[in-house]
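Each chain, written out:
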Amino acid sequence: MRKDRLLTDVLIVGSGGREHAIGWKLSQSKKIGKIFFAPGNGGTINNVEIPVEDIDGLAEFASEKNCLTIVGPEIPLSLGIVDAFTEKGLRIFGPTKAAAQIESSKVWAKNFMKRNNILTAQFEIFDDAKEAKEYAKSIDYSLVVKADGLAAGKGVIVCNNSAEAIDAIDEILTKNRFGSSGSKIILEERIDGEEASFIALSDGNIAIPMATSQDHKRIYDGDKGPNTGGMGAYSPTAIIDDSLAEMIQKDVIEKTINSMKKEGNPFKGFLYAGIMLKYGKPYVLEFNGRMGDPECQPIMMRLDSDLYDYINASIDGTLSKLPAMLWKKQTAICVVLASKGYPGVYQKNEEIFGLDLEDKHSFVFHAGTKRENGKILTYGGRVLGVTALGDTLDSAISNVYSRIEKISWQNKYFRKDIGKKGLLVL
Ligand SMILES: Nc1ncnc2c1ncn2[C@@H]1O[C@H](COP(=O)(O)OP(=O)(O)O)[C@@H](O)[C@H]1O
Ligand SMILES: [Mg+2]
């Protein structure tokens, strides 16, 4: 028998920095053979031209190559990729369509949290603009207006007063800015605190925590300007100390996994809780049924265990047999290099220079890039996720920014303050 017969080939669905980082980590496993990406990006190899929404096409490919499939983004999960693959007898990692509702319907998630006593901001649900506006006028605290369905990170409007809330209600319910994703809205209490991400891996029965992290959602330094998909992240974050991590694991993650199971809807995969900390209490802003991007990049860089073992155990429901994951003591930080203009309009197809320099502290994960005639070109808003390790947060910051200095293209933009708020806590 050929030795490589013992190895597992993998199909990673997605094209972002998160998928590149998962592939990079899996490629270090001695049990993994070939890794395919659908559709992948300019930094990934073995790219297959199948869009993430084409569930039948992906299933055909996975079946032909007999590979394990790992799903990065939320769209295919919400379309039921896990159900479709499982019906065909294909091995796949991630939540079912019903379990993925925890992310794909914010209304579902809020009702789930309410009935299971998981701490979250007070809220009301509306499908009628007039009633929603009356409610917005009647309350005396600031509101956040949220479209129910998936909206690529643009469906949440944090308001300062009732006039802004009324505009937001009109945008979503009257002008249908998010189509059917906005046929229902949530009006919830605005909670002003410190935001952090807490990600765990579940097999439907138990969940084990991943390393903590903190994202930087706004486009400009000092958390100013519009929200983006994420401009940088670091891990671990001092904002979540050991006792708070224990509290979140118990009161949010375990409660969620147990309640999903009890309700006949077990959750397998990465469970991501977006947390707002206020007066030491973790309020859940939302759940995602997948890894965060860019949080995934520093988390993968710190992971010392074989990710493949944990993914297998999640699929098989055998996580309780595995030890806790091992993490590098170092800090990892990812700074997103974007195209100037993002999250609005930006140029594409600009050549990127300085990618091939060797550097033992860092790795450059690709996101919105493509490879053409041996060149790497920009091809999206978030272009690269430069990620570096350091013995302290301070040294990780200086390692990542010195690597960034060597990378150039015409309209490069990045935040200069990623990780700095972590220094204030230390
Ligand atoms: N109740 C809230 N109070 C204050 N800020 C909030 C609240 N809910 C959401 N936000 C802010 O809006 C951002 C996006 O909201 P979130 O619920 O995570 O939706 P999505 O990631 O789908 O856009 C959050 O990261 C947070 O900064
Ligand atoms: Mg979010």
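Residues numbered from 1 in each chain as written. Chains lettered and ligands numbered in written order. Predicted model: local features only at pLDDT ≥ 70, side-chain atom pairs only at ≥ 80, totals over all residues. Heavy atoms only, no water.

## Focus on the overall build of the chain
Here is step 1 of the chain: Counting secondary structure elements, the chain contains 13 helices and 22 strands.
Here is step 2 of the chain: Over its C-alpha atoms the chain spans a radius of gyration of 21 Å, differing by no more than 12% from the 22 Å that the globule rule assigns to 426 residues.
Here is step 3 of the chain: Reported as C-alpha extents along the three principal axes, the dimensions of the chain are approximately 70 × 50 × 40 Å.
Here is step 4 of the chain: For the chain, the exposed area adds up to about 18,700 Å²; of that, 49% sits on carbon and sulfur atoms. (Helix = DSSP H or I, 4+ residues; strand = E, 2+ residues; numbered from the N terminus. Rg over C-alpha atoms; globule rule 2.2 N^0.38 Å. Areas by Shrake-Rupley, 256 points an atom, 1.4 Å probe, with all protein chains shown as cover.)

## Focus: the sheet that holds strand β10 (residues 207-209)
Each strand in a sheet pairs with its neighbour through backbone hydrogen bonds, running either in the same direction (parallel) or in the opposite one (antiparallel).
Here is step 1 of the chain: Strand order in the open sheet formed by four strands is β10-β9-β15-β16, with antiparallel pairing between adjacent strands. Every interior strand has two partners, whereas the edge strands, β10 and β16 (281-288), have only one. Between one strand axis and the next, the sheet turns through 35° on average, direction left out of account. (Pairing = 2+ DSSP bridges. Axes fitted to C-alpha atoms, helices over the stretch in contact; angles between N-to-C directions.)

## Topic: the sheet that holds strand β3 (residues 68-71)
Here is step 1 of the chain: Read from one edge to the other, the open sheet built from four strands follows the order β2-β1-β3-β4, with strand pairing classed as parallel. Since the sheet does not close on itself, it has two edges, and those belong to β2 (32-39) and β4 (92-93), each with one partner.
Here is step 2 of the chain: Relative to β2, strand β1 (residues 8-14) runs parallel, the two being bridged by six bridges. Note on β2: the bridge partner recorded for valine 13 is alanine 38.
Here is step 3 of the chain: Sheet strands in contact with helix α1 (residues 17-26) are β1, β2 and β3, and its direction is about 165° off that of β1. (Contact = heavy atoms within 4.5 Å.)

## As for the pattern of salt bridges
Here is step 1 of the chain: Enumeration according to the criterion identifies 24 salt bridges in this entry.
Here is step 2 of the chain: A salt bridge links glutamate 286 to lysine 106; its shortest N-O distance comes to 3.0 Å. On the criterion of sequence distance, the pair formed by glutamate 286 in strand β16 and lysine 106 in helix α6 (residues 106-115) is long-range, its members being 180 residues apart.
Here is step 3 of the chain: The exposure class of lysine 106 is buried, given its relative accessible area of 17%.
Here is step 4 of the chain: Here the salt bridges share partners, and the residues they tie into one network are Asp223, Arg415, Asp417 and Lys421. (Salt bridge = Lys/Arg side-chain N within 4 Å of Asp/Glu carboxyl O. Buried < 20%, exposed > 50% of the residue type's maximum accessible area, 1.4 Å probe, protein only.)

## Topic: the site of ligand 1
Here is step 1 of the chain: Ligand 1 sits among 16 residues. The nearest are Lys106, Glu188, Ile191, Glu195 and Glu286.
Here is step 2 of the chain: Between isoleucine 191 and ligand 1, the recorded distance is 2.8 Å, taken from a backbone N or O atom to a nitrogen atom.
Here is step 3 of the chain: A distance of 2.8 Å separates an oxygen atom of ligand 1 from a polar atom in the side chain of glutamate 286.
Here is step 4 of the chain: Within the complex, 88% of the 540 Å² of free accessible area of ligand 1 lies under protein. (Near = heavy atom within 4 Å. Polar contact = N/O pair within 3.5 Å; in protein donor to acceptor, adjacent residues only side chain to side chain.)

## A short note on the state of the cysteines
Here is step 1 of the chain: Under the criterion given, the structure shown has zero disulfides.
Here is step 2 of the chain: Looking at the unpaired cysteine 296, the closest cysteine sulfur is the one in cysteine 334, lying at 9.6 Å.
Here is step 3 of the chain: For cysteine 296, a relative accessible area of 0% translates into the label buried.
Here is step 4 of the chain: On the basis of relative accessibility, which here comes to 0%, the residue cysteine 334 falls in the buried class. (Disulfide = S-S within 2.5 Å.)

## Description of the domain arrangement of the chain
Here is step 1 of the chain: Segmenting the chain into domains produces domain 1 (8-94), domain 2 (122-189), domain 3 (194-321) and domain 4 (331-425).
Here is step 2 of the chain: Centre-to-centre, using C-alpha coordinates, domain 1 lies 21 Å away from domain 3.
Here is step 3 of the chain: Each partner contributes residues to the interface: domain 1 has 22 residues there, and domain 3 has 25 residues.
Here is step 4 of the chain: Between domain 1 and domain 3, the buried area comes to about 1,900 Å², and carbon and sulfur atoms account for 66% of it.
Here is step 5 of the chain: Looking only at domain 1, the three residues that lose the most surface to domain 3 are Arg18, Lys25 and Phe93, adding up to 34% of its buried area.
Here is step 6 of the chain: Run the count over domain 1 and domain 3 and you get four salt bridges.
Here is step 7 of the chain: For the salt bridge of lysine 31 with aspartate 306, the shortest nitrogen-to-oxygen distance reads 3.8 Å.
Here is step 8 of the chain: Summed over the shared surface of domain 1 and domain 3, the number is 10 residue pairs in polar contact (both at pLDDT 80 or more).
Here is step 9 of the chain: Among the elements of the structure, α1, β3, α3 (74-78) and β4 are those that each provide at least two residues to the side of domain 1 that touches domain 3.
Here is step 10 of the chain: No other element matches the seven residues that α1 contributes to the side of domain 1 that touches domain 3. (Domains from an automatic or database assignment. Buried area = accessible area lost by both parts, 1.4 Å probe.)

## Section: the environment of lysine 348
Here is step 1 of the chain: Within the secondary structure layout, lysine 348 lies in the loop between β17 (331-339) and β18 (362-366).
Here is step 2 of the chain: Classification of lysine 348 as partly exposed rests on a relative accessible area of 39%.
Here is step 3 of the chain: For the pair formed by lysine 348 and glycine 390, sequence separation is 42 residues and the distance between their alpha carbons is 32 Å.
Here is step 4 of the chain: Apart from the residues lying within four places of it in its own chain, the contact partners of lysine 348 are Thr378, Tyr379 and Gly380.

## A closer look at helix α8 (residues 162-174)
Here is step 1 of the chain: Under the 1.5 Å per step criterion, the end-to-end length of α8 is 17 Å for 13 residues, consistent within 8% with the ideal 18 Å.
Here is step 2 of the chain: Buried residues of α8: Ala165, Ile166, Ala168, Ile169, Asp170, Ile172 and Leu173, and no others.
Here is step 3 of the chain: Turning to α8, the residues buried within the fold contact β5 (123-126), α7 (129-138), β6 (143-147), β7 (156-158) and β8 (185-189).
Here is step 4 of the chain: For α8, the capping residue at the N-terminal end is asparagine 161, with a side-chain oxygen 3.3 Å from the backbone nitrogen of alanine 163.
Here is step 5 of the chain: Directly beyond the C-terminal end of α8, a positive phi value near 55° is found at asparagine 176. (Expected span 1.5 Å × (residues − 1).)

## Structural notes on the packing of helix α5 (residues 97-104) against α6
Here is step 1 of the chain: Remark: α5 packs on α6, axes separated minimally by 6 Å, with the N-to-C direction vectors making an angle of 95°. In terms of axis orientation, α5 runs roughly perpendicular to α6. In this structure, α5 contributes Gln101, Ile102, Glu103 and Ser104 to the contact, and α6 contributes Lys106, Trp108, Ala109 and Phe112.
Here is step 2 of the chain: Classifying every residue of the contact of α5 with α6 gives four nonpolar, two polar and two charged. (Parallel < 35°, antiparallel > 145°, perpendicular 65-115°, else oblique. Nonpolar A, V, L, I, M, F, W, Y, C, P; charged D, E, K, R; others polar.)

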